[in-house]
Amino acid sequence: MSTDHSLRKPNRLIHESSPYLRQHAHNPVDWYPWGPEAHARSREENRPILLSIGYAACHWCHVMERESFEDEPTAALMNQHFVCIKVDREERPDLDAIYMQATQTLTGRGGWPMTVFLTPEAVPYYAGTYFPPEGRYGIPSFRQVLVAMAEAFRRRPDDVARVAAQMRADLLTLGVLEGTPRALDFGVFELAVKRLRQRFDERFGGFGGAPRFPQTMSLRVLLRHFHRTRDSESLHQVVYTLRKMAHGGIHDQIGGGFHRYSVDEAWLVPHFEKMLYDNALLAGVYLEAWQITKEPLFKSVCTDTIEYVLRDMVDAEGGFYATEDADSEGEEGRFYVWNPDQVQEALGDERLSDAVCAYYDVLPGGNFEHRTSILNVPRDADVVAATLGVRLPELHEAVATARARLLEARGRRVRPARDEKILAAWNGLMLDVLSRAAGAFERSDWMEAAKKNGAFLMRHLWQAEGRMFRAYKDGHARLNGYLEDYAAVAHGLSSLYELTGDVTWFEQCRVLVDRMVLAFEDPQEGGFYFTSHDHEVLLARVRDPYDDATPSGASLAVGILQRLAAWTGERSYAEKAERVLRQACQSMGAMPGAFGELLCDLYFHLETPCEVALVAHSRGDAVPFERVLFEEF
């Protein structure tokens, strides 16, 4: 494996703006970005395509790069037999959706890095995720796979053609919902809640087993069920889960914010990457839980999550960066973990150090890989205080003091890499919660940050002729926006309008939504495509009904159409939203985990919105009344 990458002539990825693609610019692999040049070469030489999809913060993407893409013999095999294409899934979710579906169909599982072998027509004939450099646990080595796929394409073209034809047929139905459209009623919502609650983990909270993701949309469904029915069990499941996450290692106890998911059931050991969208969605659900319960912990977690984003993830002009890496100095999580000696060195006070180690579970033997500890809060503060023989207020004061010092000490470590591209959809999600939290917590500084972000999005990612770009990096906006980009930014602008009362934000929101309908709606069947009518022609033009780590573009579109219908009284907005809800109604009840955001839209549809008019001599006179409204769920 080569070690001096800087001496290599860079490949084509050196000219890309994506930090993920540029990470691979000095690989010995002859990488192409997705585009006509690569596809033309594949067709002209009748050579299969090796498509590799990942993202900058992905730990296993880095592992496969070190083991295989930096390995000269492996790269030589790739270059000899394939046209090799690298894709950043965050920039191109349209490609990711198509080829992830293919990977799941062919293998029964998915994930990143995604490795897909394509015919020159870009149709999959084999796929997988991470392949090791040497075969193990029944998984072939990457080099074995390369040889086998090259041989299959060359010597068994009929088999390849048969698999590709089946995959092409399967992909044409991607995102198409089964079932007959039906009337909308609370029966579907109640069935969905029942099925969600059946999957609840009574021990650790959350739904299902490990690996454990924060299913924020499902939690929001349960909050709405409680709000309507006062069913204490729904509220209990949300509150219990949020407390467990707040006290777990998935929550950055020192710097605020959340890691992407935990590999265990107890929320202790995360994959350490931090994603803007996770932190936007989690801040939102903690905000809503606080609005219902007024529990101080939920306000504290929402606050530290937003403060993390505003401290570490913001551009000078107000745009929010995409991700922070899991790795630093070649190790996953190294930036975040501690041992007792490091805590003692940072605090310089043995008694304070002992208290903090007891509170945050910093053990001599560690709780992570038997060496270091992931900070978490496994015991209630009063139990820790009693064990230490101190009063509870003293412990809280000690932890607050230590937290600031530990954050300062951690800041001197080598930070994980940060992907500084600015994505429209993820910024829209963050703008939405930032605006709502600024009103709820009376944070004028957050309101200014929200206005700055709204101005950034409309200045850099929105074109006057009515087009939203997907990504902004190094002074340039690029890539055609997707449904989720239009809908999420419109949500953010609508919440900014509610916060400020500045009608300019409402007007921009409405222009954006009208353009979204024009560019994405299926005028025959109703509903929305993931890509616009003038988008690049791909293997399939998919719909986007299912939530993943973020709400689906379709559910975000329905939600903003509902808000505009309520504000303007224009029935056409409501009719477009209702059409999607009727199409998805049966699926929502059967698979609530995949339709959390759309279930929240259904709740909005079934519960008549309450309109409140504030009449005052001046904006300032209305503020105390606005405060009451912002604090309520």
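Rules of the game
- Residues numbered from 1 in each chain as written.
- Predicted model: local features only at pLDDT ≥ 70, side-chain atom pairs only at ≥ 80, totals over all residues.
- Heavy atoms only, no water.
- Polar contact = N/O pair within 3.5 Å; in protein donor to acceptor, adjacent residues only side chain to side chain.
- Helix = DSSP H or I, 4+ residues; strand = E, 2+ residues; numbered from the N terminus.
- Core = buried A, V, L, I, M, F, W, Y, C linked by side-chain atoms within 4.5 Å.
- Buried < 20%, exposed > 50% of the residue type's maximum accessible area, 1.4 Å probe, protein only.
- Contact = heavy atoms within 4.5 Å.
- Axes fitted to C-alpha atoms, helices over the stretch in contact; angles between N-to-C directions.
- Parallel < 35°, antiparallel > 145°, perpendicular 65-115°, else oblique.
- Left-handed = near helix turned anticlockwise from the far one by under 90°.
- Pairing = 2+ DSSP bridges.
- Phe/Tyr/Trp six-rings, centres within 6.5 Å; stacked < 30°, edge-to-face > 60°.

**Student:** Tell me about helix α13 (residues 340-347), and please be specific about residues and values.
**Tutor:** Measuring from the backbone nitrogen of D341 back to the side-chain oxygen at the start of α13 gives 3.1 Å, which picks out N339 as the cap. In the stretch just after α13, G348 is the one whose phi turns positive, near 65°.

**Student:** Can you lay out the nonpolar core for me, pointing to particular residues and giving the numbers?
**Tutor:** Nonpolar side chains in soluble globular proteins tend to be buried together. Counting 178 residues, the largest nonpolar core has L51, Y99, Y286, M516 and M588 as its most contacted members. Dropping the residues within four chain positions of it, Y286 is found in contact with L242, M245, A246, F258, F298, V301 and C302.

**Student:** Could you give me a rundown of the packing of α13 against helix α14 (residues 350-360), with the residues and numbers involved?
**Tutor:** α14 packs onto α13 with a crossing angle of 135° between their chain directions and a minimal axis gap of 9 Å. Considered as vectors, α13 and α14 are oriented oblique to each other. In this structure, α13 crosses over α14, and the sense of that crossing is right-handed. Contacts from P340, V343, Q344 and L347 in α13 reach E350, L352, S353, V356 and C357 in α14.

**Student:** Please set out the sheet that holds strand β2 (residues 49-54) residue by residue, giving values where relevant.
**Tutor:** Two modes of strand pairing occur in sheets, parallel and antiparallel, and in both the strands are linked by backbone hydrogen bonds. What the five strands build is an open sheet, ordered β1-β3-β2-β4-β5; its pairing is mixed. The open sheet is flanked by β1 (31-33) and β5 (124-128), the only strands paired with a single partner. Strand-to-strand twist across the sheet, computed as the mean angle between neighbouring axes with direction ignored, equals 25°. Strand direction decides the pairing type here: β2 and strand β3 (residues 83-88), joined by six bridges, are parallel. Directly across from L50, in β3, lies its bridge partner C84. Against the sheet, helix α2 (residues 36-45) contacts β1, β2 and β3, and its axis sits at roughly 155° relative to β3.

**Student:** Describe in detail unusual backbone geometry, supporting the description with residues and values.
**Tutor:** Residues W112 and P113 are joined by a peptide bond in cis, for which omega reads 5°. Summarising the element assignment, P113 is placed in the loop between α5 (93-107) and β4 (114-118). Between A210 and P211 the backbone carries a cis peptide bond, its omega angle lying at -5°. In this structure, Y137 is a non-glycine residue whose phi angle is positive, near 55°. Along the chain, Y137 falls in the loop between β5 and α6 (142-155). Positioned with a positive phi, H370 is a non-glycine residue whose angle comes to about 60°. Tracing the backbone shows H370 in the loop between α14 and α15 (381-388). Taking relative accessible area as the criterion, H370 reaches 75% and is therefore assigned exposed.

**Student:** Describe the packing of aromatic side chains, naming the residues involved and giving the relevant values.
**Tutor:** Counted according to the given criterion, the structure contains 31 aromatic pairs. Arranged with centres 5.1 Å apart and planes meeting at 50°, the rings of W60 and Y130 form a pair that is tilted. Of this pair, W60 sits in helix α3 (residues 59-69) while Y130 sits in the loop between β5 and α6; the two residues are 70 residues apart in sequence, bridging distant segments of the chain. The exposure class of W60 is partly exposed, given its relative accessible area of 36%. On the basis of relative accessible area, Y130 is assigned to the buried category, the value being 13%. With centroids separated by 6.2 Å and ring planes inclined at 65°, the aromatic side chains of F441 and W446 adopt a geometry described as edge-to-face. Exposure remark for F441: the relative accessible area of 9% places this residue in the buried category. The structure contains a cluster of three or more aromatic residues connected by ring pairs, namely W31, F69, F131 and F142.

The quantities given are spatial measurements derived from coordinates; they are silent on function.
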